[in-house]
Amino acid sequence: MADSSNLRIQKFTSDGVFLAEWGLFYGVEGLFLKPRGVTVDTGGNVYVADTFDRRIKKFTADGVFVAEWGRLGSGEGELDSPIAVAVDGQGNVYVADTSNHRIQKFTADGAFLAQWGSEGAGEGEFFAPWGVVVDPQGNVYVADALNHRIQKFTADGAFVIRWGSDGAGEGQFNLPIGVTVDTRGNRLRG
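Residues numbered from 1 in each chain as written. Predicted model: local features only at pLDDT ≥ 70, side-chain atom pairs only at ≥ 80, totals over all residues. Heavy atoms only, no water.

1. A look at the overall build of the protein chain
Okay, step 1: Secondary structure summary: the protein chain contains zero helices and 17 strands in total.
Okay, step 2: Taking 190 residues into account, the globule formula puts the C-alpha radius of gyration at 16 Å, and the protein chain, at 16 Å, falls close to it.
Okay, step 3: In terms of principal-axis extent, the alpha carbons of the protein chain reach across some 40 × 40 × 30 Å.
Okay, step 4: The burial tally for the protein chain puts 48% of its 190 residues in the buried class.
Okay, step 5: In the protein chain, the share of contacts with a sequence separation of at least 24, taken over all contacts with a separation of at least 6, comes to 38%.
Okay, step 6: Accessible surface, the protein chain as shown: approximately 9,100 Å² in total, 49% of it carbon and sulfur. (Helix = DSSP H or I, 4+ residues; strand = E, 2+ residues; numbered from the N terminus. Rg over C-alpha atoms; globule rule 2.2 N^0.38 Å. Buried < 20%, exposed > 50% of the residue type's maximum accessible area, 1.4 Å probe, protein only. Contact = heavy atoms within 4.5 Å. Areas by Shrake-Rupley, 256 points an atom, 1.4 Å probe, with all protein chains shown as cover.)

Below, the structure is given as structure tokens:
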């Protein structure tokens, strides 16, 4: 789990038993300024969206630093406020690059592959992508917080569908900031 205010990642068993932690101090390779999003790939590697450091940081399952990528900017591979991170079955890494209003796709080693999105409320546009997840088929779901909706894309960023609007009724959202997929492909948001 990303323990943002304490600048660390904590690892627990599924029963809540503490196993390990890493991070704590910024300025040393692999440590954090504001860790927010965290995900794990099929090999157990841990990816962290370090929002204020504008980087994605990769660790082994035991917290050993492996790599980091990104820097402040709006060009390919540059990040501004990465909030969430997800990994697909092939090991590709998807980043909700919130202040740049886009999703960026990287290899597991941080090489830039693709990006999509721009500021706005149209199809494939975002005001604040805060959550990202990939289903077993490779579809990418994004919680578009300030547009109060979820958007679905192919793995290459082609727009598929969007749903939701501002409100408290069925199928409406008020600032959705997280999204996940269950084992049956149902989307859940928070």
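Now that the structure has been shown, we can carry on.
2. Describing a nonpolar patch on the surface
Okay, step 1: Together, Phe127, Trp130, Leu146, Leu175 and Ile177 make up an exposed nonpolar region whose accessible area comes to about 420 Å².
Okay, step 2: Here Leu146 shows up in the loop between β13 (140–144) and β14 (149–153).
Okay, step 3: The partly exposed category is assigned to Leu146, whose relative accessible area is 48%. (Patch = residues over 30% accessible without salt bridge, like charges linked within 9 Å, V, L, I, M, F, W, Y side chains within 5 Å. Salt bridge = Lys/Arg side-chain N within 4 Å of Asp/Glu carboxyl O.)

3. Notes on the environment of Gly63
Okay, step 1: Here Gly63 is to be found in the loop between β6 (55–59) and β7 (65–69).
Okay, step 2: As for Gly63 and Gly23, which are separated by 40 residues in sequence, their C-alpha atoms are 8.6 Å apart.

4. Points about the sheet that holds β13
Okay, step 1: Reading across the sheet, the four strands line up as β12-β13-β14-β15 and stay open at both edges, with antiparallel pairing between neighbours. At either end of the open sheet lies a strand with only one pairing partner, and these are β12 (129–134) and β15 (159–163). Strand-to-strand twist of the sheet, defined as the mean angle between neighbouring strand axes without regard to direction, takes the value 20°. (Pairing = 2+ DSSP bridges. Axes fitted to C-alpha atoms, helices over the stretch in contact; angles between N-to-C directions.)

5. Description of the pattern of salt bridges
Okay, step 1: On inspection of all chains with the given rule, the structure shows 12 salt bridges.
Okay, step 2: Across the pair Asp53 and Lys57 runs a salt bridge, and its minimum N-O distance is 2.8 Å.
Okay, step 3: One salt bridge connects Asp109 with Lys58, and the closest N-O pair in it is separated by 3.8 Å. Linking Asp109 in the loop between β10 (102–106) and β11 (112–116) with Lys58 in strand β6, this pair joins segments that are 51 residues apart in sequence.
Okay, step 4: Since its relative accessible area comes to 8%, Lys58 is described here as buried.
Okay, step 5: Beyond isolated ion pairs, a larger network of salt bridges with shared partners links Asp50, Asp53, Arg55, Lys57 and Glu68.

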